[in-house]
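# Inside the fold
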Amino acid sequence: MAERFDVVVLGGGSGGEATASGLAGRGVSVALVEANLVGGECPYVACMPSKALLRMAGLRDANGRPSWAEAVAFRDEAAAHRDDSEAERSLVDDGVCVVRGHGAITSPGRVRVGSRELAYDELVVATGSEATIPSLEGIDQADVWTSEDALSSSELPESLVVLGGGPVGCELAQAYARFGSDVTLVESADRLLSREPGFVSDGVRQALVADGVQVRLGTELDRVPAAPSKLLVAVGARPRTGNIGLDVLGVETDDSGALPVDDQCRVTDGLWAVGDVTGIAPYTHAANYQAKIVVDNLTGKSRRADYRAIPRTVYTDPVVFCVGQTEDESVSVDLDIADTARAIIDGRPSGKVRLYADPKSGVLVGAAVVGPGADGWAAELTLAIRANVEMEVLADVVHAFPTYGELLETGYAELDRRRA
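Before going into details, it helps to say that this report is about the structure given with it. In this text the structure is predicted, and so the values were computed from the model without any measurement.

### Structural notes on the overall build of the chain
Secondary structure summary: the chain contains 14 helices and 20 strands in total. The globule rule puts the C-alpha radius of gyration for 420 residues at 22 Å, and the 23 Å found for the chain is close to it. The principal-axis extent of the C-alpha atoms belonging to the chain is close to 70 × 60 × 40 Å. Expressed as a percentage of its 420 residues, the buried residues of the chain come to 47%. Restricting the contact set of the chain to residue pairs at least 6 apart, pairs at least 24 apart contribute 64%.

### Notes on the nonpolar core
Among the nonpolar cores identified, the biggest contains 36 residues, and Leu53, Tyr176, Val183, Leu193 and Val320 are the most heavily contacted of them. Contributions of two or more residues to this core are made by helix H3 (47–58), helix H4 (68–78), strand E9 (159–163), helix H7 (167–178), strand E10 (182–187), helix H8 (198–210), strand E17 (319–324) and strand E20 (364–371). It is H7 that contributes the most residues to this core, six residues altogether. Within the second largest apolar cluster, 29 residues are counted, among which are Val7, Val98, Val124 and Tyr289.

### Overview of the packing of helix H1 (residues 14–24) against helix H9 (residues 284–298)
Taken N-terminus to C-terminus, the directions of H1 and H9 make an angle of 30°; their axes are 8 Å apart at the nearest point. Here H1 lies roughly parallel to H9, going by the angle between them. You can see that H1 and H9 cross each other, and the crossing is right-handed. In this structure, H1 contributes Ser14, Gly15, Ala18, Thr19, Gly22 and Leu23 to the contact, and H9 contributes Thr284, Ala287, Asn288, Ala291, Val294, Val295 and Leu298. Counted by class, the contact of H1 with H9 contains seven nonpolar, six polar and no charged residues.

Reading guide: rules and limits
- Residues numbered from 1 in each chain as written.
- Predicted model: local features only at pLDDT ≥ 70, side-chain atom pairs only at ≥ 80, totals over all residues.
- Heavy atoms only, no water.
- Helix = DSSP H or I, 4+ residues; strand = E, 2+ residues; numbered from the N terminus.
- Rg over C-alpha atoms; globule rule 2.2 N^0.38 Å.
- Buried < 20%, exposed > 50% of the residue type's maximum accessible area, 1.4 Å probe, protein only.
- Contact = heavy atoms within 4.5 Å.
- Core = buried A, V, L, I, M, F, W, Y, C linked by side-chain atoms within 4.5 Å.
- Axes fitted to C-alpha atoms, helices over the stretch in contact; angles between N-to-C directions.
- Parallel < 35°, antiparallel > 145°, perpendicular 65-115°, else oblique.
- Left-handed = near helix turned anticlockwise from the far one by under 90°.
- Nonpolar A, V, L, I, M, F, W, Y, C, P; charged D, E, K, R; others polar.

Quick look at the structure:
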């Protein structure tokens, strides 16, 4: 006999976890299916351990930087030692039925997990993504790491080649270089973080070079040379949609493997998707946002997703914080972080802010920042974009002195002046 639930969530990463918990809290009977770690990669082998490692890499005192062993211990503590028992317990306490194992759709309204069959009225796919390993000659013989390996190993490689200049590649290149690895970062594009404005790319490249990273841009590898270096592959991830029975429902993915969804996160009647598997925004905070959208729609509150203000953050030193549209056709203003009183106190760190406004309405539509602590003080830009706050109002906001946030007032005022 099949076990019956109102909703089955296939995948227990951040988005799936938030969906299941949110639905159970509203009285919906829900089962969450997960073969690996409940909570997904973020808490155990991605966001949390990487940020913990970067924090330790940025610390210095009279005795220098913490040791690698101390950094690993702190990293593993932040990642709960890759133990998901507390996450599972929390879901169970919320009323979620957690089913361990690989789940696959066997017929409309049915998911099989091992010997168990789960019947559902609505299905939410939250299976996440997996690292892409390029087809390169010699890679089978190379000592290859994915980011998951790099963030769970206690090894400090003497030599590390990082393949990929996106957020993961930049963060891990800097962290390992600061702990003494001889790091070379190889990127096929002509700049790092190629989806962001050029000044952001330049700022991160300069920081990596200052930390001893050899940055090789515009370099396309066709083979992996025989060398003792560890090879960290960070060229992106692909939505995990294979072998879950989507064909049974007649559902096809796009060319990237993602599940296309509408603005309610619906794939088709009775089928929803959240997180990396949608291919929209590969961030934990985006997955959690989509989870809220699905929970509302499945419990009688019609809600549509608005992706205009999803932050894109890279936790290098300096931090990158980008949000919204960062396109040349917008009206923009550049601001130098060194011009603030806070920069004097902090030893004049370098950094830059660029604000983008719609040339007709004057409303803020995007921002790009590279500078110290930008993930914190620049967060107001997300609200400004999401809420369509008038530039005149933004220019009248008072920031505490001395903070980097004061700089934004200057930018708002200049954009408001141009509109007038």
